[in-house]
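Results of the structural survey
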Amino acid sequence: MIIKLDATGDQFLNCDLKILTAFQVEVSTTTKGKGKAGKTTESPVSIAHWQNKTLVEEFMGLRAAATFKANKDETLTFTGALGETILVVGLGKKDSFDDESIRKSIAKVLKAHAGKFSSIGIDVEGFNTIEDDIQTAALIAESIGMCDYTYDNYKSKKSPKTECTIFLAVDKKNASKIEKEVASVKNITNSINVARDFVNEVPNVLNSVEYAKRIEDDVKKNLKGVKVKILNKAQLKKENMNLFLSVNAGSAHEARLVHLTYEPAKSNSKTKHVALVGKGLTFDTGGYSLKPGASMMGMKYDMAGSATVYGAFRAAVLEKAPIKITCILAMTDNAVNEMATMPDSVVTARNGTTVEILNTDAEGRLVLADAFDYACDLKPHYLIDAATLTGACLVALGSQVAGVMGNDDEFYAELKNHADANGEYIWQLPIIEEWRQDIKSKIADIKNIGTPMRAGTTTAAAFLEVFIKNDVKWAHFDIAGVADSASHLPYCPANGASGLIIRTLTSYLLDGK
Ligand code: BES
Ligand code: MG
Ligand code: ZN
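Bear in mind that the values here come from a model prediction, so they are computed numbers and not experimental data.

For the rest of this paragraph, the subject is the coordination of the zinc ion (ligand 3). Taken together, the protein donors to the zinc ion (ligand 3) comprise K279 (NZ), D284 (OD), D302 (OD) and E363 (OE), at separations of 2.0 to 2.4 Å. One chain supplies every donor to the zinc ion (ligand 3), and in sequence these donors are spaced K-x4-D-x17-D-x60-E. Taken as an interatomic distance, the gap from the zinc ion (ligand 3) to the magnesium ion (ligand 2) is 3.2 Å; D284 donates to each of them. On the basis of relative accessibility, which here comes to 3%, the residue D284 falls in the buried class.

The next subject is the coordination of the magnesium ion (ligand 2). Four donors placed tetrahedrally about a metal ideally form angles of 109.5 degrees, and six donors placed octahedrally ideally form angles of 90 or 180 degrees. Looking at the metal site, the magnesium ion (ligand 2) is ligated by D284 (OD), D361 (O), D361 (OD) and E363 (OE), spaced 2.1 to 2.2 Å from it. Around the magnesium ion (ligand 2) sit six donor atoms; with metal-centred angles ranging over 71 to 166 degrees, the donor geometry is irregular. For the magnesium ion (ligand 2), the single-chain donor residues occur in sequence as D-x76-D-x1-E.

Our next topic: the site of ligand 1. In the neighbourhood of ligand 1, 15 residues make up the surrounding shell, with K291, D302, D361, E363 and G391 lying closest. Measuring from an oxygen atom of ligand 1, one finds a side-chain N or O atom of K279 at 3.2 Å. One of the side-chain N or O atoms of K291 is found 2.8 Å from an oxygen atom in ligand 1. When ligand 1 sits alone it has 520 Å² of accessible area, and the protein chains cover 75% of it.

This part covers the packing of helix 6 (residues 175–200) against helix 17 (residues 502–511). Axis separation between helix 6 and helix 17 bottoms out at 10 Å; the angle between their running directions is 135 degrees. With respect to helix 17, the axis of helix 6 lies oblique. The hand of the helix 6/helix 17 crossing is right-handed. When helix 6 is examined against helix 17, the residues I188, I192 and A195 are found in contact with a partner set consisting of I502, R503 and T506. The residue makeup of the contact of helix 6 with helix 17, split by class, is four nonpolar, one polar and one charged.

Below, the discussion takes up unusual backbone geometry. Phi angles above zero are rare outside glycine, and D73 is one such case at about 75 degrees. Here D73 is to be found in the loop between helix 2 (53–60) and strand 6 (75–79). For D73, a relative accessible area of 38% corresponds to the partly exposed category. Even without a glycine there, the phi angle at K320 is positive, about 55 degrees. Summarising the element assignment, K320 is placed in the loop between helix 11 (304–318) and strand 13 (324–334).

Domain annotation of the protein chain identifies domain 1 (2–184) and domain 2 (201–511). A straight line from the C-alpha centre of domain 1 to that of domain 2 covers 40 Å. Listed per partner, the contact involves 15 residues of domain 1 and 14 residues of domain 2. Roughly 1200 Å² of surface becomes buried between domain 1 and domain 2 when both sides are summed, with 54% attributable to carbon and sulfur atoms. Linking domain 1 with domain 2 are one salt bridge. Between E142 and R503 there is a salt bridge, with its nearest N and O atoms 2.5 Å apart.

Taking strand neighbours across the sheet as the criterion, the three strands line up as 14-15-19 in an open arrangement whose pairing is mixed. Pairing within the sheet leaves two strands with one partner each, and these edge strands are strand 14 (345–348) and strand 19 (446–447). Two strands pair when backbone bridges link them, and strand 14 and strand 15 (residues 354–357) are joined in this way by four bridges, in the antiparallel orientation. Across the sheet, S345 pairs through a bridge with I357, a residue of strand 15.

Turning our attention to helix 17. Most of helix 17 sits inside the fold, with eight of its ten residues counted as buried. Just downstream of helix 17 lies G512, where phi reads positive at about 75 degrees.

For the rest of this paragraph, the subject is the packing of aromatic side chains. Following the criterion strictly, the structure yields twelve aromatic pairs and no others. When the centroid spacing of 6.5 Å and the interplanar angle of 45 degrees are considered together, the rings of F59 and F78 count as tilted. Here F59, found in helix 2, pairs with F78, found in strand 6; they are 19 residues apart in sequence, far enough to count as distant. Each member of the pair F59 and F78 is classed as buried. Residues Y382 and Y508 carry aromatic rings whose centres are separated by 6.4 Å and whose planes lie at 75 degrees to one another, so their mutual orientation is edge-to-face. Placement of Y382 in strand 16 (residues 382–387) and of Y508 in helix 17 is noted, with a sequence separation of 126 residues between them. Taken individually, Y382 and Y508 each receive the classification buried, so the pair is uniform in this respect. A network of ring pairs unites the aromatic residues W50, F59, F68 and F78 as a single cluster. The ring of Y149 carries the charged tip of R196 above its face, separated from the ring centre by 5.4 Å. Just above the ring of Y382 sits the side chain of K272; from NZ or CZ to the centre is 4.9 Å.

So, how was this worked out
Residues numbered from 1 in each chain as written. Chains lettered and ligands numbered in written order. Predicted model: local features only at pLDDT ≥ 70, side-chain atom pairs only at ≥ 80, totals over all residues. Heavy atoms only, no water. Donors = N, O, S within 2.8 Å, 3.2 Å for Na, K, Ca; no water. Buried < 20%, exposed > 50% of the residue type's maximum accessible area, 1.4 Å probe, protein only. Tetrahedral: all angles 85-135°; square planar, octahedral: opposite > 155°, others 65-115°. Near = heavy atom within 4 Å. Polar contact = N/O pair within 3.5 Å; in protein donor to acceptor, adjacent residues only side chain to side chain. Areas by Shrake-Rupley, 256 points an atom, 1.4 Å probe, with all protein chains shown as cover. Axes fitted to C-alpha atoms, helices over the stretch in contact; angles between N-to-C directions. Helix = DSSP H or I, 4+ residues; strand = E, 2+ residues; numbered from the N terminus. Parallel < 35°, antiparallel > 145°, perpendicular 65-115°, else oblique. Left-handed = near helix turned anticlockwise from the far one by under 90°. Contact = heavy atoms within 4.5 Å. Nonpolar A, V, L, I, M, F, W, Y, C, P; charged D, E, K, R; others polar. Domains from an automatic or database assignment. Buried area = accessible area lost by both parts, 1.4 Å probe. Salt bridge = Lys/Arg side-chain N within 4 Å of Asp/Glu carboxyl O. Pairing = 2+ DSSP bridges. Phe/Tyr/Trp six-rings, centres within 6.5 Å; stacked < 30°, edge-to-face > 60°. Lys NZ or Arg CZ within 6 Å of the ring centre and 35° of its normal.

Below, the structure written as structure tokens:
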């Protein structure tokens, strides 16, 4: 789908499908009479914002208009005088129609109609329930960008792609500002779709070596000025990343650590530096602590953390973030062969901590532990990691809310503001002293699991915390629930990669504060 702006209204006029809105206005009237006198509240439908008087007349002349109530998601379709299709979308009451309602409404309409028309006109002012036409256009563009995604690489019959141009009818006065905003949004939604492609790619194709190559290719092609360093197995050994390598031990593919660096044009030693770290398990069998078949399905998504931070990094670079950003992607699968790490093993981490590996399925924290220590050596001020770390997070917060844990409440509050501003759900879980005790090992410094079936998401975070150093402020996003199957959101595919949390992280990176 191509988005174009139309400040003259000419292109809108010629579109095959025109999308307009109607909402309910509350009118109170006092009735007098012998019987029941009092107040009645009516909800007449308002289309006062329609610019085109011919359309207004056409609508008013419809018999169906008399019963159209403009309830939220209620639609009325009719054929206009030019033979075009007019779709009137009900928004319900204007004041309860917020940013997320705009995204959802556009997504629902597009899902129902996009394939059938080659040109669609959207009356932006009609969706402007938030009294900000620039933001409204941005939200519409965001929803369009996020909807514009299918994953059919492995279908012999591809889903038919009708080239569709969407014209956003906007007011002349803000057209150039809206144009800029829409271009920025495109950079973000394109990056979300690139990340979704990585996440959806199958594990027999996307192994660690291939994944690192594809990231490098994308950086070289699209992110001018970003430095790429890729550590192979020998280099990881030299770096003493033994926990990371213990997860890779049973694999047919070498582990890779991708290290990307972006510096803004104006950068000095005081420039804010954020490190992003992502869990990149291209497949998680559980290792010797093998997952049962049903739980193993979907474990190709276990690299979603790395794709999420890469998506945010990519968008932030394209949008010329004002801060320095390091992006570390730790890639391997967790497989079984005669070299695979056995439960009861003790391995020394890069930072010197000895770890008793009691469950090889708690592998994400091992990979991240060494990646954290490596990242902290680069002296970032902040470190954000994203990982499909625990099934327990799915139990606690479902597939709608990402769990966040860390070591700085102010940092969390800032991230929460960005999540709220982008319509994404995150919620903080605590790390308490008792859970730090719960991961103490009898024979080594720590063990890689806490008490089974107890606070699994937060004991994992208590483990990760051990590997943060140099007073780095840290936030850990457990995205095990939200990384895929976001069927509750009309602008996400019902199955497969969601692309969620990328907007929250990008928004934080671009803020620069
Ligand atoms: N990749 C899984 C977590 C996961 C589970 C993600 C379900 C998405 C959906 C992780 O590596 C894992 O296996 N965690 C274990 C930890 C346990 C052994 C302490 C889990 O959650 O069962
Ligand atoms: Mg696992
Ligand atoms: Zn895993």
